[in-house]
Amino acid sequence: MQIDRFEDFLIKQNMSTLLKTNLMKAIYILTISLFSFLTSIAQVADFDPIKDLNGFKKLIKTKHANTKTIKSDFTQEKSLSFMDDKLLSKGIMKIKHEMKVRIEYTSPFAYLIVINGENLWIKDGKKVTKINTGAGNPFSKINNVLLNTLQGNFENIKGFDASYLENKKQYLLELTPTETDTKKLFKKIAVYLNHETLEIMRMDMLEKSGDITKMVFTNTELNTPIADEVFVVR
Amino acid sequence: MRYLWFVSSWVLLASCTSRFPFDKYPESKKTADTKTINLFWKSDSASKTSIKFLANTTIYGKEIKGILILRKMSDTLYKATFLAQGAAKLFDMEILPDTFITHYSIEQLNKQAVLRTLANDIRLLTIGCHQSLVAQSIRQSSTGEIAQIRFKNGFRYYIQDAESNFNQLIQTNFQNKKDLTITFSSYKNDIPHNILLKHHRFRMQIDLSLMLD
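Fair warning: this is a prediction, and the values are worked out from it, not measured in the lab. (Residues numbered from 1 in each chain as written. Chains lettered and ligands numbered in written order. Predicted model: local features only at pLDDT ≥ 70, side-chain atom pairs only at ≥ 80, totals over all residues.)

### Digging into the overall build of chain A
Part 1: When you go through chain A residue by residue, the secondary structure sums to six helices and 12 strands.
Part 2: Evaluated residue by residue, chain A yields a buried proportion of 38% over its 234 residues. (Helix = DSSP H or I, 4+ residues; strand = E, 2+ residues; numbered from the N terminus. Buried ≥ 20, exposed ≤ 12 C-beta atoms within 10 Å, placed from the backbone.)

### Topic: the overall build of chain B
Part 1: The helix and strand tally for chain B stands at two helices and 15 strands.
Part 2: When burial is assessed residue by residue, chain B has 32% of its 213 residues classed as buried.
Part 3: Nonlocal contacts in chain B, meaning residues at least 24 apart in sequence, comprise 36% of its contacts between residues at least 6 apart. (Contact = placed C-beta atoms within 7 Å.)

### Section: the environment of Leu197(B)
Residue and element names in this part refer to chain B.
Part 1: Along the chain, the position of Leu197 falls in strand 14 (residues 191–199).
Part 2: By C-beta crowding, Leu197 is classed as buried, having 21 other C-beta atoms within 10 Å.
Part 3: For the pair Leu197 and Leu125, spaced 72 residues apart in sequence, the C-alpha separation works out to 9.3 Å.
Part 4: If we ignore the near neighbours within four places in the chain, the residues touching Leu197 are Asp121, Ile182, Gln205 and Ile206.

### Some points on unusual backbone geometry
All names here are of chain A.
Part 1: Pro108 follows Ser107 through a cis peptide bond whose omega is -5°.
Part 2: The backbone of Asp84 shows a phi angle near 50°, a positive value even though the residue is not glycine.
Part 3: Here Asp84 is to be found in the loop between strand 2 (69–80) and strand 3 (85–96).

### What about the sheet that holds strand 2 of chain A?
All names here are of chain A.
Part 1: The strand order across the open sheet built from 12 strands is 1-8-9-10-11-12-2-3-4-5-6-7, with neighbouring strands paired in antiparallel fashion. Whereas interior strands pair on both sides, the edge strands pair on one side only; in this sheet they are strand 1 (48–49) and strand 7 (127–132).
Part 2: The pairing of strand 3 with strand 4 (residues 100–107) spans seven bridges and is classified as antiparallel. Pairing of Lys96 across the sheet is with Lys100, part of strand 4. (Pairing = 2+ DSSP bridges.)

### Quick look at the confidence of the model for chain B
The predicted coordinates should not be examined in detail at positions where pLDDT is low.
Residues and elements named next belong to chain B.
Part 1: For chain B, the mean per-residue pLDDT works out to 83, and 82% of the residues sit at or above 70.
Part 2: With pLDDT under 50 throughout, residues 6–15 is counted as low confidence; its partners more than four residues away or in other chains account for one contact.
Part 3: Model confidence for the complex: the whole-complex pTM is 0.77, and ipTM, which rates the interface, is 0.71. (pLDDT = per-residue confidence, 0-100.)

### Focus: the nonpolar core
Part 1: Ranked by internal contacts, the top residues of the largest apolar core, which has 46 residues, are Ala55(B), Ile67(B), Leu68(B), Ala80(B), Phe82(B), Leu83(B) and Tyr158(B).
Part 2: With 34 residues, the next largest nonpolar core counts Leu112(A), Phe160(A), Met201(A) and Met215(A) among its residues. (Core = buried A, V, L, I, M, F, W, Y, C linked by C-beta atoms within 7 Å.)

### A few points about the pairing of strand 7 (residues 100–105) of chain B
Residue and element names in this part refer to chain B.
Part 1: Strand direction decides the pairing type here: strand 6 (residues 89–95) and strand 7, joined by five bridges, are antiparallel. In the sheet register, Ile95 faces strand 7, and the bridge partner there is Phe100.
Part 2: Hairpin connection between strand 6 and strand 7: a loop of four residues separates the two successive antiparallel strands.

### Digging into the environment of Glu77(A)
Residues and elements named next belong to chain A.
Part 1: Relative to the helices and strands, Glu77 resides in strand 2.
Part 2: The partly exposed category is assigned to Glu77, around which 15 C-beta atoms lie within 10 Å.
Part 3: Spatially, the C-alpha atoms of Glu77 and Asp204 are 9.4 Å apart, while their sequence positions differ by 127 residues.

### Description of the pairing of strand 2 of chain A
Residues and elements named next belong to chain A.
Part 1: Pairing of strand 2 with strand 3 involves 12 bridges; the strand directions are antiparallel. Following the sheet pairing, Asp73 is matched in strand 3 by Ile92.
Part 2: Between the antiparallel neighbours strand 2 and strand 3 lie four residues, among them Asp84 with a positive phi of about 50°.
Part 3: Across nine bridges, the pairing between strand 2 and strand 12 (residues 212–222) is antiparallel. What sits directly across from Gln76, in strand 12, is Met215.

### Observations regarding the environment of Asn176(B)
Part 1: With respect to the helices and strands, Asn176(B) occurs in the loop between strand 12 (166–172) and strand 13 (178–188).
Part 2: On the neighbour-count criterion, Asn176(B) (17 C-beta atoms within 10 Å) is partly exposed.

### Some points on helix 2 (residues 112–125) of chain B
Residues that lie three or four places apart on an α-helix share one face, since the helix turns once every 3.6 residues.
Part 1: Look at helix 2 of chain B: 20 Å from first C-alpha to last across 14 residues, which is about the 20 Å you get at 1.5 Å a residue.
Part 2: Of all the residues in helix 2 of chain B, the buried ones are Val114(B), Thr117(B), Leu118(B), Ala119(B), Asp121(B), Ile122(B) and Leu125(B). (Expected span 1.5 Å × (residues − 1).)

### Section: the confidence of the model for chain A
All names here are of chain A.
Part 1: Of all residues in chain A, 71% have pLDDT values of 70 or greater, and the mean over the chain is 77.
Part 2: Per-element mean pLDDT across chain A ranges from 46 in helix 3 (residues 35–38) up to 94 in strand 1.
Part 3: With pLDDT under 50 throughout, residues 35–43 is counted as low confidence; its partners more than four residues away or in other chains account for 45 contacts.

Listed below in structure tokens is the structure:
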């Protein structure tokens, strides 16, 4: 049916679906950024395939078995191909086993995303939206990515093909979407890890629109106490 | 008798939105018939720079917050991008005087009626606020100046305060009823830092705050 009038569309369209889908996209981007802390990769000229891939995976698994909390500042630079412009955002990310994540934008918006098990909260000003990410929910796929990343089970990450590269200073995990819903969002995701500490340094997301989102992580702290209350939104 | 329902309904609807009382403005002095308006891109050197707004869109009580980025490419071509929180892109479009080209849109917005409404609003803020206007009437008073411009079947009213800042742009329909009001406020260095765009025929408004680099 042709909808000619904007007001007709608004009545027919469930706006909450629109909001949730875009929140999902934003959260997807952010969730993938969590690879950052735990894994990582874009094919770059001076990177070669990791020689000892099993050894690398074992190292990652050991590293994260010993990592109970992670706290880091992040700067997000979005390069807009259409506008030939850039947009900077800043925030703080906190992670705690098991399955507790807090992503807090501080600039230019105050905006908060919290994942705690199957619960996901989004706080925008005073407005709080709670979403259950149980089986059957679109967010369950995000949780799957998150869980496997936290556990170092890279082979179990669904929706992406992963390739592992390295140079003397960094490891690079390059993720290429294989499923329809992830292909709608990304062409490629690249996560860079410090070769020595295995901590995330940077993540680049090449989006389908041609835009590139770069996240740079600084001031990373491991195993500093983080209260459980931080992962609950009221 | 059977037309009574129709006539009554029409009268009721007609009284729902307020008629813009241009005639009540004092006609103390008529000025020239042209009016130049230049809200953001005030010089050639400022052209092709982008302007970013924190945007809070409310549609039938639902809020969508994000960042609206506008870029002037020429006097008759502007680009617009809207990003939601987390920098997820909602749409990219080019705005021209009589049409628009959508380069990217999320599935939920990708309806002609929606994109046309968004494009019309952005066109008013860009081309509509950066041009020389041929006014049907310009009236001055001690409180400012108001220019009446014919637009399709209705009018646009550009209202300036005594300090020559544009406070409001009102678009009316063929009955001179308000369709859309844009209110400009918080002027600093001759540039409005807050803009409120309000539709009168349906519940939608866009609240914009200029982002400073």
